[in-house]
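Report on the structure
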Amino acid sequence: QVQLVESGRGLVQAGGSLRLSCAASGSIFSINIMGWFRQTPGNQRELVAIITRAGTTNYADSVKGRFTISRDNAKNTVYLQMNSLKPEDTAVYYCNAHAAQYNVDYWGQGTQVTVSS
């Protein structure tokens, strides 16, 4: 089992910045990829950004150039630095950890990000 604890929720004005953190604990040896997803009411959860253990990253087109995902393997923590935030970035953000060997996904509890116009 893997536990994910998110932090960094907040309310920010458009154009502002916010950083989310996600600390993993438990069977972290099994985790290959960590990432962030987001969800708004009535919509499916969508990929924001992912990062592999080796540091390879991938971003949704809507956040490229504005968001940066990074991870500190020593602290078992992944970060999402969000800059130039837009009202359409408002969502509940979920941390994800994927264990490819077992084809299992773990999720954090979700953290609200609200961007006012």
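Predicted model, so just to flag it, every value in this text is computed and none were measured.

**So, the packing of aromatic side chains**
- All chains considered together, the criterion is met by one aromatic pair.
- Look at Phe37 and Trp107: their rings are 5.1 Å apart centre to centre, the planes differ by 75°, and that puts the pair in the edge-to-face class. On the criterion of sequence distance, the pair formed by Phe37 in strand 4 (residues 33-39) and Trp107 in strand 10 (residues 104-107) is long-range, its members being 70 residues apart.
- For Trp107, a relative accessible area of 36% puts it in the partly exposed group.
- Positioned above the aromatic ring of Tyr94 is the side chain of Arg45, whose terminal nitrogen or guanidinium carbon lies 3.6 Å from the ring centre.

**Concerning the environment of Lys75**
- Examined against the element boundaries, Lys75 turns out to sit in the loop between strand 7 (67-72) and strand 8 (77-82).
- Each C-alpha atom of the pair Lys75 and Ser25 lies 9.5 Å from the other, and the pair is 50 residues apart in sequence.

**Examining the side chain of Ser30**
- Positionally, Ser30 belongs in the loop between strand 3 (18-26) and strand 4.
- Within the local environment of Ser30, its side chain forms a polar contact with the backbone oxygen of Ser27, the two atoms lying 2.8 Å apart.
- Residues within four places of Ser30 in sequence aside, it is in contact with Val2, His98, Ala99, Ala100 and Tyr102.

**Let's talk about the nonpolar core**
- Ranked by size, the top nonpolar core spans 30 residues in total, and within it Leu4, Met34, Trp36, Leu80, Met82 and Tyr93 carry the most contacts.
- When residues of this core are traced back to their parent elements, those giving at least two are strand 1 (2-7), strand 3, strand 4, strand 5 (46-52), strand 7, strand 8, strand 9 (91-99) and strand 11 (111-116).
- Sorting elements by how many residues they give to this core places strand 9 first, with five residues.
- Not counting the four nearest positions on each side in its chain, Tyr93 is found in contact with Glu6, Leu20, Trp36, Phe37, Arg38, Val48, Phe67, Leu80, Met82, Gly110, Thr111 and Val113.

What counts and how
Residues numbered from 1 in each chain as written. Predicted model: local features only at pLDDT ≥ 70, side-chain atom pairs only at ≥ 80, totals over all residues. Heavy atoms only, no water. Phe/Tyr/Trp six-rings, centres within 6.5 Å; stacked < 30°, edge-to-face > 60°. Helix = DSSP H or I, 4+ residues; strand = E, 2+ residues; numbered from the N terminus. Buried < 20%, exposed > 50% of the residue type's maximum accessible area, 1.4 Å probe, protein only. Lys NZ or Arg CZ within 6 Å of the ring centre and 35° of its normal. Polar contact = N/O pair within 3.5 Å; in protein donor to acceptor, adjacent residues only side chain to side chain. Contact = heavy atoms within 4.5 Å. Core = buried A, V, L, I, M, F, W, Y, C linked by side-chain atoms within 4.5 Å.

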